[in-house]
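Chain by chain, the residues run as shown.
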Amino acid sequence: MMSMDTQQPFAVGSRVKVRYSADSKAPRDQRPMESGVVKEDFGDLSAVAGLRTWAVAHRYAVALDDGRLVFVDPDDIEQA
């Protein structure tokens, strides 16, 4: 998986796999991996928005192959 400390961010248009579940209470290690394409990298905006506890921002917007648009953090995305 990508670590912000050791790798470059994913570029818009990159094919990726993300760990995602519509059930936000599902344990992270039980969330399935889904394939998709990075549509936006919010970069520094996600760090600033991370200071609040409501409407938490995520780093990447990813269009999944099944048509859903999801928002994920660096720990939940990897190269496809």
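Residues numbered from 1 in each chain as written. Predicted model: local features only at pLDDT ≥ 70, side-chain atom pairs only at ≥ 80, totals over all residues. Heavy atoms only, no water.

Across the sheet, which stays open at both edges, the five strands sit in the order 4-3-2-1-5 with antiparallel pairing between neighbours. Looking along the sheet, the strands with just one partner apiece sit at the ends: strand 4 (69–72) and strand 5 (77–79). Across this sheet, the average inter-strand angle for adjacent strands is 45°, counted without regard to direction. Judged from the three bridges that link them, strand 1 (residues 15–19) and strand 5 form a sheet pairing that is antiparallel. Counterpart to valine 16 in the pairing with strand 5 is glutamine 79. (Pairing = 2+ DSSP bridges. Helix = DSSP H or I, 4+ residues; strand = E, 2+ residues; numbered from the N terminus. Axes fitted to C-alpha atoms, helices over the stretch in contact; angles between N-to-C directions.)

Here we come to the environment of arginine 15. Among the structural elements, arginine 15 can be located in strand 1. Taking the C-alpha atoms as reference points, arginine 15 and alanine 63, 48 residues apart in sequence, are found 9.8 Å from one another. Sequence-distant contacts of arginine 15, defined by excluding residues within four places in its chain, comprise Ser35, Gly36, Val37, Asp65, Gln79 and Ala80. Among the polar contacts made by the side chain of arginine 15, one reaches the side chain of aspartate 65 at a distance of 3.0 Å. (Contact = heavy atoms within 4.5 Å. Polar contact = N/O pair within 3.5 Å; in protein donor to acceptor, adjacent residues only side chain to side chain.)

With that settled, the discussion passes to the pattern of salt bridges. Evaluation of the coordinates by the stated rule reveals five salt bridges. Aspartate 76 is the partner of arginine 28 in a salt bridge, and the nearest nitrogen-oxygen pair spans 2.7 Å. A residue pair is termed long-range when its members are at least 10 positions apart, and arginine 28 in the loop between strand 1 and strand 2 (33–41) and aspartate 76 in the loop between strand 4 and strand 5 qualify at 48 residues. Among the residues examined, arginine 28 registers a relative accessible area of 35% and is labelled partly exposed. In this structure, the salt-bridge partner of glutamate 34 is arginine 68, at a minimum N-O distance of 3.2 Å. Highlighted residues: glutamate 34 in strand 2 and arginine 68 in the loop between strand 3 (60–64) and strand 4, separated in sequence by 34 residues. A relative accessible area of 33% means that arginine 68 is categorised as partly exposed. One network of salt bridges, with partners in common, ties together Glu34, Asp66 and Arg68. (Salt bridge = Lys/Arg side-chain N within 4 Å of Asp/Glu carboxyl O. Buried < 20%, exposed > 50% of the residue type's maximum accessible area, 1.4 Å probe, protein only.)

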